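Okay, here's what each chain looks like letter by letter:
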Amino acid sequence: MGATLIDGKACAAAVESGLVSRIAALGAAPHLAVVIVGDDPASHVYVGAKERACERLGIRSTRIDLPVDTPFDDVVATVEALNADSDVNGILVQSPLPDGMDEIAITGLIDPIKDVDGFHAENLGRLVQGDTTGLLPCTPAGVMRMLEWAGVNLSGKNAVVLGRSRIVGMPQALLLAQKGADATVTIAHSRTEDIASVCRDADVIIAAVGRPEMVRPDWVKSGSTVIDVGVNRVEDESEKGYHLSGDVHADVVDVAGAMSPVPGGVGPMTIAMLMENTVRATEMQR
Ligand code: GUN
């Protein structure tokens, strides 16, 4: 029997439709500013999708494209100008920044009340303290919403997060362990011994390592829930020259009880949660 598909696109559509009345109640449309430095092709695809979501919902968006050789101080000045602009409600600096540019320093400059990525130490610190009412990182928050929507019970269950990144793995582990979610959480990473057996103990696996098809069917306990956060470009002979692959092997569908696809799983949820954060930030500012 194959796993039930957790349809991130449908869940994201439900999140977005829930925002319509909140946006209307704001009177003036929220305004999101997205800064992108350099020409990482995947980042341009993601930012395009964020802009289209804004358009769908009547959220204003401004995109600031900076060349790859922009000096650090100019990126700082761009963020500071957006902080000072009372017409801007949300600020996002797309990751990755060019090699050598300090992402944490840039993140730390964003006014926490406009930090729609939820990466500022003040917003992450609230999460560590158990306050989930503020601006939460979009991808892990989207995974939580998707699990809830799919009716996955986390309480007392073993959840394994593969990957310990600032953007996904670490905040994901915190959200899973929060009161109310109540999972027992393991963070597995490149130094974890016998990662396959750690995964086989899991009721829920969140794969966020960025390694194509790393999670194999023999890593997965029968009936467990597997969420695939990976979006990996794998080169091939096609016209495009590549295809997208998740961190989870397709054959896991034969073992898992429920599984999110790539594409159409976590990706649309990340964008929906960014829209929700933009609305939330605007509500807090008004
Ligand atoms: N790059 C990949 N995911 C994200 C994200 O959620 N936010 C930002 N700013 N950059 C990203």
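Keep in mind it's a predicted model, so treat the numbers as computed, not measured.

1. Here we look at the site of the ligand
Okay, step 1: Taken together, L92, V93, Q94, S95, D117 and F119 make up all the residues around the ligand.
Okay, step 2: Note that a nitrogen atom of the ligand is positioned 2.9 Å from one of the backbone N or O atoms of V93.
Okay, step 3: Computed on the free molecule, the ligand has an accessible area of 280 Å², of which 85% lies beneath the protein chains in the complex.
Okay, step 4: Of the residues in the shell around the ligand, the class split is 3 nonpolar, 2 polar and 1 charged.

2. A closer look at the packing of helix α6 (residues 138–149) against helix α9 (residues 266–285)
Okay, step 1: Contact pair α6 / α9: the axes reach a minimum separation of 8 Å and the direction vectors enclose 110°. In terms of axis orientation, α6 runs roughly perpendicular to α9. Of the residues in α9, those in contact with C138, T139, A141, G142, V143, R145 and M146 of α6 are V266, M269, T270, M273, L274, E276 and N277.
Okay, step 2: Partitioned by chemical class, the residues of the contact of α6 with α9 number 8 nonpolar, 4 polar and 2 charged.

3. Comments concerning the nonpolar core
Okay, step 1: Counting residues in each nonpolar core, the largest one holds 52 residues, and the members touching the most others are L154, L176, I206, I227 and M275.
Okay, step 2: Elements with a minimum of two residues in this core: α1 (8–25), β2 (31–37), α2 (41–57), α6, β5 (158–162), α7 (169–177), β7 (204–207) and α9.
Okay, step 3: Looking at this core element by element, the count peaks at 9 residues for α9.
Okay, step 4: Beyond its immediate stretch of four places on either side in the chain, L176 contacts M144, L147, L154, A159, V161, A181, D182, A183, V185 and I206.

4. Describing the environment of D236
Okay, step 1: Mapped onto the secondary structure, D236 falls in the loop between β9 (232–235) and β10 (242–245).
Okay, step 2: Sequence-wise, D236 and A29 are 207 residues apart; in three dimensions their C-alpha atoms are separated by 43 Å.
Okay, step 3: Ignoring any residue separated from it by four or fewer positions in sequence, one finds D236 in contact with G241, Y242 and H243.
Okay, step 4: A polar contact of 3.2 Å, which involves the side chain of D236, links it to the backbone nitrogen of Y242.

5. Focus: the pairing of β10
Okay, step 1: Bridge count for β9 against β10 is 4 bridges, and the pairing is antiparallel. Residue pairing in the sheet places E235 in a bridge with Y242 of β10.
Okay, step 2: Connecting β9 to the antiparallel partner β10 that follows it, the hairpin turn spans 6 residues, and G241 within it adopts a positive phi of roughly 90°.

6. Some remarks on the sheet that holds strand β4 (residues 90–93)
Okay, step 1: In spatial order, the strands read β3-β2-β4; together these 3 strands make up an open sheet with parallel pairing. Whereas interior strands pair on both sides, the edge strands pair on one side only; in this sheet they are β3 (60–66) and β4. Taken pair by pair, the neighbouring strands of this sheet meet at an average axis angle of 15°, ignoring direction.
Okay, step 2: Sitting on the sheet, α2 touches β2, β3 and β4, and the angle it makes with β3 is about 160°.

What counts and what doesn't
- Residues numbered from 1 in each chain as written.
- Predicted model: local features only at pLDDT ≥ 70, side-chain atom pairs only at ≥ 80, totals over all residues.
- Heavy atoms only, no water.
- Near = heavy atom within 4 Å.
- Polar contact = N/O pair within 3.5 Å; in protein donor to acceptor, adjacent residues only side chain to side chain.
- Areas by Shrake-Rupley, 256 points an atom, 1.4 Å probe, with all protein chains shown as cover.
- Nonpolar A, V, L, I, M, F, W, Y, C, P; charged D, E, K, R; others polar.
- Axes fitted to C-alpha atoms, helices over the stretch in contact; angles between N-to-C directions.
- Helix = DSSP H or I, 4+ residues; strand = E, 2+ residues; numbered from the N terminus.
- Parallel < 35°, antiparallel > 145°, perpendicular 65-115°, else oblique.
- Contact = heavy atoms within 4.5 Å.
- Core = buried A, V, L, I, M, F, W, Y, C linked by side-chain atoms within 4.5 Å.
- Buried < 20%, exposed > 50% of the residue type's maximum accessible area, 1.4 Å probe, protein only.
- Pairing = 2+ DSSP bridges.

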